[in-house]
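Given next are the chains, with one letter for each unit.
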Amino acid sequence: MHGLIHCKIEIPESIQCIFFIGIDRYEGLHHMSESVFVGLRDKVGTSKQVAIRRETMDIKEMVDRRVAPYDGVIGMLSGSRREGFSLEGSDIDFMYWPNNHRVIMDMSQSEYYNKANTTLILSDSFESPPGFTLLQLLTPTTDRDVQSACVRMNDKVYISSSAFRQIVLLCLAPPGLNVTEHGPCSNFIIKEEHEGDLALCFVCDFWPLSASSWINRCHSWPDPEVVDDIVRNGCHFVAIGHPLGPHANEEWRISFSQAEYKCVYAMNHCQFLTYGLLKLFLKEVLNKQLEETNKLLCSYHMKTTIFWAIQQNTLPHWCPQNLLAGFWVCFKLLLKWVYKGICPNFFIPQNNMFLTKVHGSAQNRLFLQLHELYKKGLACLLQSPSIRSYIIDVLYNPRVFVCTDENFMKSEVDCDVELGYKMVDRITCNSRLNIDLHSCVKYVYGIEQCVDLRLTHYEVFMLQRLTASFLRNTAVVLHNMCTNTRANKRMYIADKMSRHMLKLAAKFGNVSDMLFIAIYYYKTLRYREASSLIKITKAKLAQPYLMYNECVDRERYIEAVGGQSLSTKMRQAVAKDIILDTRIFYISELIPEQQSALQNVVHVLYIPVFVMLHFLEFLCYRHIDTTLSQAALDELQVLVHHDQGLYVPDLLRDISWEILGICQQITGNHQAALYSYQQSLTQYPLHQIHTATQMRIQDL
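Definitions and cut-offs
- Residues numbered from 1 in each chain as written.
- Predicted model: local features only at pLDDT ≥ 70, side-chain atom pairs only at ≥ 80, totals over all residues.
- Heavy atoms only, no water.
- Buried < 20%, exposed > 50% of the residue type's maximum accessible area, 1.4 Å probe, protein only.
- Helix = DSSP H or I, 4+ residues; strand = E, 2+ residues; numbered from the N terminus.
- Salt bridge = Lys/Arg side-chain N within 4 Å of Asp/Glu carboxyl O.
- Axes fitted to C-alpha atoms, helices over the stretch in contact; angles between N-to-C directions.
- Parallel < 35°, antiparallel > 145°, perpendicular 65-115°, else oblique.
- Left-handed = near helix turned anticlockwise from the far one by under 90°.
- Contact = heavy atoms within 4.5 Å.
- Nonpolar A, V, L, I, M, F, W, Y, C, P; charged D, E, K, R; others polar.
- Arc of directions from axis to C-beta.
- Patch = residues over 30% accessible without salt bridge, like charges linked within 9 Å, V, L, I, M, F, W, Y side chains within 5 Å.
- Areas by Shrake-Rupley, 256 points an atom, 1.4 Å probe, with all protein chains shown as cover.
- Lys, Arg positive; Asp, Glu negative; His and termini not counted.
- Charge placed at Lys NZ, Arg CZ, Asp CG, Glu CD.

With that settled, consider helix H23 (residues 566-573). Of all eight residues in H23, six are buried, a share of seventy percent or more. Looking only at H23, the buried set comprises Leu-566, Ser-567, Thr-568, Lys-569, Met-570 and Ala-573.

Side chains that carry opposite charge are capable of pairing whenever their charged atoms lie near each other. Considering all chains together, one arrives at 24 salt bridges under this definition. One salt bridge in this structure joins Arg-499 and Asp-495, with 3.0 Å as the shortest N-O distance. Separated by four residues within a single helix, Arg-499 and Asp-495 lie in helix H19 (residues 488-508), roughly one turn from each other. Residue Arg-499 is classed as partly exposed on the basis of its relative accessible area, which comes to 22%. By relative accessible area, which is 12% here, Asp-495 ends up buried.

Residue Pro-222 follows Trp-221 across a cis peptide bond; omega there is -10°. Locating Pro-222 in the fold gives a position in the loop between helix H8 (212-217) and helix H9 (224-232). The backbone of Glu-550 shows a phi angle near 70°, a positive value even though the residue is not glycine. Tracing the sequence through the fold places Glu-550 in the loop between strand S14 (547-548) and helix H22 (554-561).

This brings us to the packing of helix H18 (residues 457-482) against H19. Describing two packed helices takes the angle between their axes plus the distance from one axis to the other. Running from N to C, H18 and H19 cross one another at 160°; their axes reach a closest spacing of 8 Å. The pairing of H18 with H19 is recorded here as roughly antiparallel in orientation. In the packing of H18 onto H19, the handedness of the crossing is left-handed. Contact residues: Gln-464, Arg-465, Thr-467, Ala-468, Leu-471, Arg-472, Thr-474, Ala-475, Leu-478, His-479 and Cys-482 in H18; Arg-490, Met-491, Ala-494, Met-497, Ser-498, Met-501, Leu-502, Leu-504, Ala-505 and Phe-508 in H19. Across the contact of H18 with H19, the residue classes tally to 13 nonpolar, five polar and three charged.

A word on helix H29 (residues 690-699). Taken together, the buried positions of H29 are occupied by Ala-692, Thr-693 and Arg-696. Projected down its long axis, H29 shows its buried positions confined to an angular sector of 100°, all on one face. On the buried face of H29, the contacting elements are helix H24 (591-599), helix H27 (653-667) and helix H28 (670-682).

Time to look at a positive patch on the surface. A cluster of like positive charges, contributed by Lys-43, Lys-283, Lys-288 and Lys-295, occupies part of the molecular surface. Position of Lys-288 among the secondary structure elements: in the loop between helix H11 (269-284) and helix H12 (299-311). Looking at Lys-288, the relative accessible area reads 63%, which means it is exposed.

Following this line, the structure appears as structure tokens:
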């Protein structure tokens, strides 16, 4: 058995027979590694695309944290999306924690906080297994959820993890959304296609003593400045106890999610793609085999494997030619762990992550499964649909040239798609911030402070998008504040400022952002000005090089805007859905829908840009030219009835049918409006507007 476990890289004879007929053994492996590297790069992303995903999210969270109220909630994207992956079917993980609660490791650390406005919690890990702890409430809390989860043990007050999980689960289960418990998280599923985990946790500004050995191990990786940054930012505590611990229902697990994504950031691109290969291997090979071993291993085990492999220098050079060798190192390390029944946590090695799952008969079956794959050697990768073709291509064409240099790739459009559509936040509103004028101004000021930092190209672009979003919201909030005032001069000044902010936002935004100015003009009864802007926007949306919903004619796009600045591309050639914060009333005709969504804790309405275009056309032309108004309604009706997901995405069909019904009801066509409202009710309830829909049906 010892031969299976040692870490020296071996190429079994089975691989030689399958892979290297007529190919030099060493050179052939390198060539095949390059082919798989390119295939993974196409699937996972280039280093530039991965940087876009990471940097745009980093800067958004930096701004959010700078402006978050002290008694508010801080959020962080975690998991594979935060690490830079955008694999099909991968879920979205979020962590949230109360900003005015802090966990400390010992009482001496309490002197760093103002106890008048900060709730202090003590980590008591004396009796808990490694990696777990009890959380003792030291000072009073005004948070009702935390209060409800408190239990008394030995004359001390502790926060129960199991009680806290149940409270959070109830809070996050609006009608129509499938929410279940998943470890420390609340798992939500949208239309069986999009899945995510949300964990409400507590933050600690200090690095745990139990993880101090990790600092001492970081000789070659990660770099010292990365280690310092990780340690300086502390850790989190998530609501799950150790099943074998003395207080399983009360214990909390130490979470290193923030440290983990920074370690992933510290990987080179070959290491990152090897990690991606491990994730695909788990999903497409390991979890597709024996049913009794399915789910014994998870992507966190794969991450832990490559962390250890990199840090222990088991492969001297992580480069495209060695990608398969790197995978094999990780696979053998995983096999060794399953054989021993020990998977050491990367930060706290004493925490054996196999302790409760991979043991006994399950461990034996899993080891036999892995050993069968081991005997096949790298040929086991032929069982992966995502990887198979890149291996077979080299087998059939051993002398084909494989280019691994990103500089020779035409990835400009791919990067623009990444910036335009695949950013996870999609510039949505921050529901944890207030929407009064003071908060809006504070957010813009927070963005201004970031301008002085040393920012990357993509971070600057993201700041521009954030600025555009909050300038729009500020303009509408300012107008709504001054609508009921009798001071004409004050109204005039507010109107002038609002228009200026909307025009400035349009300069930072994309093609569809011009519709926000049209919405404002319609709201302030400037129908001709609004219709003029709608015409301009409509012409831009009709351009053959337009990028919308990740669809674009690449050649025409490059001909029109290739090589120009990101801002120019967005302003001239990119259209996005219209995003309305449900707490801000932009347009009176949609107030019932916004109120219905808000009642069900939905803070955003996503409206397809072409639906909003025809909607505004219809509303404005009713006051100018009824013939044109009817023409706009006809276009809207054709779009909603017959579009196959290109211009009206499936998840946005509830609000699209609703808007069509509103227009039909305004014209007096009640029968058509009733049909549209009924269709809205049959769609997936993404926006939770059913209360408004039912009310409109009753009005008919």
